[in-house]
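Reading the structure
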Amino acid sequence: MRLSARIKCFRYLVYAYIVLISICGGAQLVIGAFLLWTHRQYSAIVNDQFWEPFAVIIALGLVAQLICYFGWTSTSKKHRCYLGTFCAFLVILIVVQFLISGWAVATKQQLLTPAELAIETSFGQFIATPGAITDPTHIWNRLQRDLQCCGINNVHDYKKEKQKQLGLPWSCYNPVDSKIYEVGCAHVLVKNVEMDIVKVAIVAISSALIQSLGIFCVIQLVMLLKRPKLTLPNGNSHSLRIKRPREMAPLATSTIASTSSGMTSHTMTVSSLGPTAPTAHSSASSTMLKPPIAQKPIVPKIEHPIIK
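Residues numbered from 1 in each chain as written. Predicted model: local features only at pLDDT ≥ 70, side-chain atom pairs only at ≥ 80, totals over all residues. Heavy atoms only, no water.

Details of helix α3 (residues 80-110)
Its 31 residues give α3 an end-to-end C-alpha distance of 46 Å, which sits within 8% of 45 Å, the value for a rise of 1.5 Å per residue. All of the buried residues in α3 are Leu83, Phe86, Cys87, Leu90, Leu93, Ile94, Gln97, Ile100, Ser101, Ala104 and Thr107. (Helix = DSSP H or I, 4+ residues; strand = E, 2+ residues; numbered from the N terminus. Expected span 1.5 Å × (residues − 1). Buried < 20%, exposed > 50% of the residue type's maximum accessible area, 1.4 Å probe, protein only.)

Concerning the environment of Phe98
Looking at where Phe98 falls in the secondary structure, it is placed in helix α3. Put simply, Phe98 and Ser206 are 108 residues apart on the chain and 9.2 Å apart in space, counted from C-alpha to C-alpha. With residues up to four places along the chain from it excluded, the contact list for Phe98 reads Ile205, Ala208 and Leu209. (Contact = heavy atoms within 4.5 Å.)

Comments concerning the state of the cysteines
Under the definition given, this model contains two disulfides. The residue that forms a disulfide with Cys149 is Cys185, at a sulfur-sulfur distance of 2.0 Å. Its S-S torsion of approximately 95 degrees makes the covalent link between Cys149 and Cys185 right-handed. Here Cys149 is found in the loop between α5 (139-147) and α6 (185-211), whereas its partner Cys185 is found in helix α6, with 36 residues between them in sequence. By the burial criterion, Cys149 is buried, and Cys185 matches it. With its sulfur 2.1 Å from that of its partner, Cys150 forms a disulfide with Cys172. Between Cys150 and Cys172, the disulfide has an S-S torsion of 85 degrees and is therefore right-handed. Note that Cys150 is positioned in the loop between α5 and α6 and Cys172 in the loop between α5 and α6, a separation of 22 residues in sequence. The pair formed by Cys150 and Cys172 is uniform in burial state, with each residue classed as buried. (Disulfide = S-S within 2.5 Å.)

Focus on helix α2 (residues 52-77)
Between the first and last C-alpha of α2 there are 38 Å, a value that for 26 residues agrees with the 38 Å anticipated at 1.5 Å per step. All buried positions along α2 are accounted for by Pro53, Phe54, Ile57, Ile58, Leu60, Gly61, Ala64, Ile67, Cys68, Gly71, Ser74 and Thr75. Positive backbone phi, approximately 55 degrees, marks Lys78, located one or two places after α2.

A few points about the packing of α3 against helix α7 (residues 215-224)
Packing of α3 against α7 leaves a shortest axis separation of 9 Å and a crossing angle of 155 degrees. Between α3 and α7, the angle is such that the two are roughly antiparallel. Crossing handedness for the pair α3 and α7: left-handed. Here Arg80, Leu83, Gly84, Phe86, Cys87, Leu90 and Val91 of α3 lie close against α7, whose contacting residues are Ile215, Val218, Ile219, Leu221 and Val222. A breakdown of the residues in the contact of α3 with α7 according to their chemical character gives 10 nonpolar, one polar and one charged. (Axes fitted to C-alpha atoms, helices over the stretch in contact; angles between N-to-C directions. Parallel < 35°, antiparallel > 145°, perpendicular 65-115°, else oblique. Left-handed = near helix turned anticlockwise from the far one by under 90°. Nonpolar A, V, L, I, M, F, W, Y, C, P; charged D, E, K, R; others polar.)

Quick look at the pattern of salt bridges
Pairing between side chains becomes possible if they bear opposite charge and their charged atoms approach one another. If you walk through the whole model with that rule in mind, you get three salt bridges. Across the pair Asp146 and Arg145 runs a salt bridge whose closest N-O atoms are separated by 3.1 Å. On the basis of relative accessibility, which here comes to 40%, the residue Asp146 falls in the partly exposed class. For Arg145, a relative accessible area of 40% corresponds to the partly exposed category. (Salt bridge = Lys/Arg side-chain N within 4 Å of Asp/Glu carboxyl O.)

What to know about a nonpolar patch on the surface
Taken together, the side chains of Val19, Ile23 and Trp72 make up a nonpolar region of the molecular surface, amounting to roughly 290 Å² of accessible area. If you trace the backbone, Trp72 turns up in helix α2. (Patch = residues over 30% accessible without salt bridge, like charges linked within 9 Å, V, L, I, M, F, W, Y side chains within 5 Å. Areas by Shrake-Rupley, 256 points an atom, 1.4 Å probe, with all protein chains shown as cover.)

Things to note about the nonpolar core
Core analysis: the biggest nonpolar cluster contains 61 residues, and Ile45, Ile119, Phe126 and Trp140 have the highest contact counts within it. The element that contributes the greatest number of residues to this core is α6, accounting for 11 residues. Setting aside residues up to four positions removed in sequence, Phe126 forms contacts with Ala132, Ile133, His138, Trp140, Asn141 and Tyr158. (Core = buried A, V, L, I, M, F, W, Y, C linked by side-chain atoms within 4.5 Å.)

What to know about unusual backbone geometry
Even without a glycine there, the phi angle at Lys78 is positive, about 55 degrees. Judged by relative accessible area, which is 42%, Lys78 ranks as partly exposed. Of note in the backbone geometry, Ser178 takes a positive phi value of approximately 60 degrees without being a glycine. Among the structural elements, Ser178 can be located in the loop between α5 and α6. When its relative accessible area of 54% is taken as the criterion, Ser178 is described as exposed.

So, the UniProt feature "transmembrane region" (unreviewed entry) in the chain
When the UniProt feature table is mapped onto this chain, "transmembrane region" (unreviewed entry) is found at residues 12-38, 50-70, 82-106 and 200-225. For residues 200-225, the end-to-end C-alpha separation is 38 Å, with 85% helix and 0% strand making up the annotated structure. (UniProt positions renumbered as here; feature names shortened; annotations may be inferred.)

Here's what the structure looks like:
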């Protein structure tokens with residue numbers, strides 16, 4: 001296969017690879033935005049913590065889109081230096097995504113204690129606020145209704161000595177059969193946050209694996225676009241710079257056209273002047289039709305040895 005055909009083939013492969021990276025980046029944007037929106041609904045209960053993994057996955061999606069634009073432009077221009085930079089950016093992005101997946105797993109392992117402390121503090125404020133139990137828009141009522149839970153650990157959190165007179169809020173009852181939810185909200189909420197962080201880790205590592213599949217195509221295209229080398233007689237190699245051919249008009253054609261136009265204009269001038277300017281006509285024609293002076297060949301100077 002000729003070099004030009006191989007370059008064309010790998011260019012199409014790199015285009016398909018860039019589209020695949022763009023799809024992964026779009027998926028990261030959508031999934032990260034959805035997880036962040038879901039987390040923000042009840043983030044006040046956990047003191048606005050644990051939102052960083054979702055924001056990071058959104059940032060990774062944006063960076064992937066920018067890298068795709070840079071790679072598409074570099075491939076279209078067949079610029080070897082830009083393609084090498086694009087390949088380096090891809091390697092950095094893949095390594096960062098592997099690191100982020102590990103960081104997300106480590107965050108999941110460490111969120112239990114701070115999350116439980118924040119939930120207990122928020123529940124104490126909910127109980128201490130007058131009229132909060134009957135408020136349908138309060139975050140705790142919405143949490144208990146949506147997650148079908150009651151209290152921090154179970155329903156007995158509302159039956160302590162200081163809370164007997166308050167009773168159970170309406171959100172602790174199942175609207176279908178009016179049964180009380182027995183599951184505590186702390187366990188359910190922490191479990192949901194942990195699952196969302198695991199989803200972030202899965203998305204990051206899956207994107208890294210998919211984006212690393214076609215990186216060899218970019219490397220191969222960079223190698224194919226390198227300058228050809230000329231082997232000199234002494235064994236050394238010298239790289240050649242290939243210039244694009246430029247379309248230029250032949251010099252002889254333009255010279256003949258200018259000469260003929262000059263002769264035509266001069267003939268019209270002579271005919272208008274009449275028989276009084278033959279000398280000027282002959283001198284001008286001889287000047288214009290004068291052949292170019294041939295250059296003398298350059299003869300190398302040889303110094304003869306002096307015989308004494």
